[in-house]
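Fold and geometry: a report
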Amino acid sequence: MSAVPPPRNDTDAPAAADAPEGRGGRRSVAVALLLGALGATVVLLASGRVWARGTAAVGGGWLPLTADGRAVTGLPAALAIVGLAALVAVFAVRGRSRLLVSGLLALSGLGAALAAVLAADDRQALDAQAARTTADTAARVGALTHTAWPYVTAAGAALILVAGLLALRFGRSWPAMGGRYERDGSPRPRRAAVVDPDRPEDLWKALDRGEDPTR
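Computed from a predicted structure; not experimentally measured.

1. Description of the sheet that holds strand β1 (residues 50–58)
Taken together, the three strands give an open sheet; going across it, the order is β2-β1-β3, and neighbouring strands pair in antiparallel fashion. Strands with a single pairing partner mark the edges of an open sheet, and in this sheet they are β2 (61–68) and β3 (142–146). Direction aside, neighbouring strands of the sheet carry axes that sit 15° apart on average. As paired strands, β1 and β2 are joined by eight bridges and run antiparallel to one another. When the bridges of β2 are listed, G54 appears paired with L65. Along the sheet, helix α5 (residues 124–134) contacts β1, β2 and β3; its crossing angle with β2, the most-contacted strand, is approximately 135°.

In structure tokens:
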């Protein structure tokens, strides 16, 4: 006699379907944190490096000039700081607020990357420095060269962008700060403290908590 298979529970199918997404969401937390923090660090460090070099004519000679990323454009570094703040804030909010913060994280990375690439061949910072150095408003920098640091900055910003995209995709399954909430957002039930009727101090503590010690 063959065994009769147990009846199928309809709730098993959604749970099985959601399991891969839940596992992917948990893995994505660590990946997003790593990429976001690493990307912001790269952007902040690369923005402080020399992006452009040149010379200015002074007294019949040439004076070497350099400009770092913050002198060329301060936007990537500023957006990296915004991205770091958004990365932390993702875990402090839920629902639509988390979606908005995740979008801000992604946009911070995108904006920083575009700003770095667009400023990669900028000469205005060195032209302004040449004018200050020579006291001639018409002075222009000569022998202008650019380094690869703007593109390193853009690569770091791309990591922030990926972290934001991960937050948009998996953020709803990520945990939030604070231990009062389960993963589904519902409050954890509070356990009633054990009251010993033979100990008056326990009775008073129960009354202070608003509990009925006689139950």
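2. As for the environment of D127
By secondary structure assignment, the location of D127 is in helix α5. Classification of D127 as buried rests on a relative accessible area of 11%. Taking the C-alpha atoms as reference, D127 lies 4.9 Å from R140; in sequence the two are 13 residues apart. Dropping the residues within four chain positions of it, D127 is found in contact with A139, R140 and V141. One polar contact links the side chain of D127 to the main-chain amide nitrogen of V141, over a distance of 3.0 Å.

3. Re the confidence of the model for the chain
Do not read the fine detail of predicted coordinates wherever pLDDT is low. Predicted confidence across the chain gives a mean pLDDT of 79, with 70% of residues reaching 70 or more. Mean pLDDT across the secondary structure elements of the chain bottoms out at helix α7 (residues 200–208), with 65, and peaks at helix α6 (residues 149–170), with 95. Overall, residues 10–18 carries pLDDT values under 50, and its contacts beyond four positions in sequence, including any with other chains, amount to one contact.

4. Some points on helix α3 (residues 75–89)
For α3, built from 15 residues, the straight-helix expectation of 21 Å at 1.5 Å per residue is met to within 8% by its first-to-last C-alpha distance of 21 Å. Of all the residues in α3, the buried ones are P76, A77, L79, A80, G83, A86 and L87.

5. Points about the side chain of T73
Following the sequence through the fold, T73 ends up in the loop between α2 (69–72) and α3. The class for T73 is buried, based on a relative accessible area of 18%. For T73, the side chain forms a polar contact with the main-chain nitrogen of L75, separated by 3.3 Å. Those residues within four positions of T73 in sequence are excluded, and the remaining contacts are W51, A115 and A119.

6. A look at a nonpolar patch on the surface
Side chains of L107, L110, L114 and L118 sit close together on the surface and give an oily, nonpolar patch of about 420 Å² of accessible area. Checked against the element boundaries, L107 lands in helix α4 (residues 95–118).

7. Brief notes about the pattern of salt bridges
As enumerated under the stated definition, the model contains one salt bridge in all. With a shortest N-O distance of 3.1 Å, D127 and R123 are connected by a salt bridge. By relative accessible area, R123 is classed as partly exposed at 35%.

8. Regarding the packing of aromatic side chains
Inspection of the entire model under this criterion finds one aromatic pair. Look at F91 and W174: their rings are 5.5 Å apart centre to centre, the planes differ by 10°, and that puts the pair in the stacked class. A residue pair is termed long-range when its members are at least 10 positions apart, and F91 in the loop between α3 and α4 and W174 in the loop between α6 and α7 qualify at 83 residues. In this pair, the class of F91 matches that of W174, namely buried.

Analysis parameters
- Residues numbered from 1 in each chain as written.
- Predicted model: local features only at pLDDT ≥ 70, side-chain atom pairs only at ≥ 80, totals over all residues.
- Heavy atoms only, no water.
- Pairing = 2+ DSSP bridges.
- Helix = DSSP H or I, 4+ residues; strand = E, 2+ residues; numbered from the N terminus.
- Axes fitted to C-alpha atoms, helices over the stretch in contact; angles between N-to-C directions.
- Contact = heavy atoms within 4.5 Å.
- Buried < 20%, exposed > 50% of the residue type's maximum accessible area, 1.4 Å probe, protein only.
- Polar contact = N/O pair within 3.5 Å; in protein donor to acceptor, adjacent residues only side chain to side chain.
- pLDDT = per-residue confidence, 0-100.
- Expected span 1.5 Å × (residues − 1).
- Patch = residues over 30% accessible without salt bridge, like charges linked within 9 Å, V, L, I, M, F, W, Y side chains within 5 Å.
- Areas by Shrake-Rupley, 256 points an atom, 1.4 Å probe, with all protein chains shown as cover.
- Salt bridge = Lys/Arg side-chain N within 4 Å of Asp/Glu carboxyl O.
- Phe/Tyr/Trp six-rings, centres within 6.5 Å; stacked < 30°, edge-to-face > 60°.

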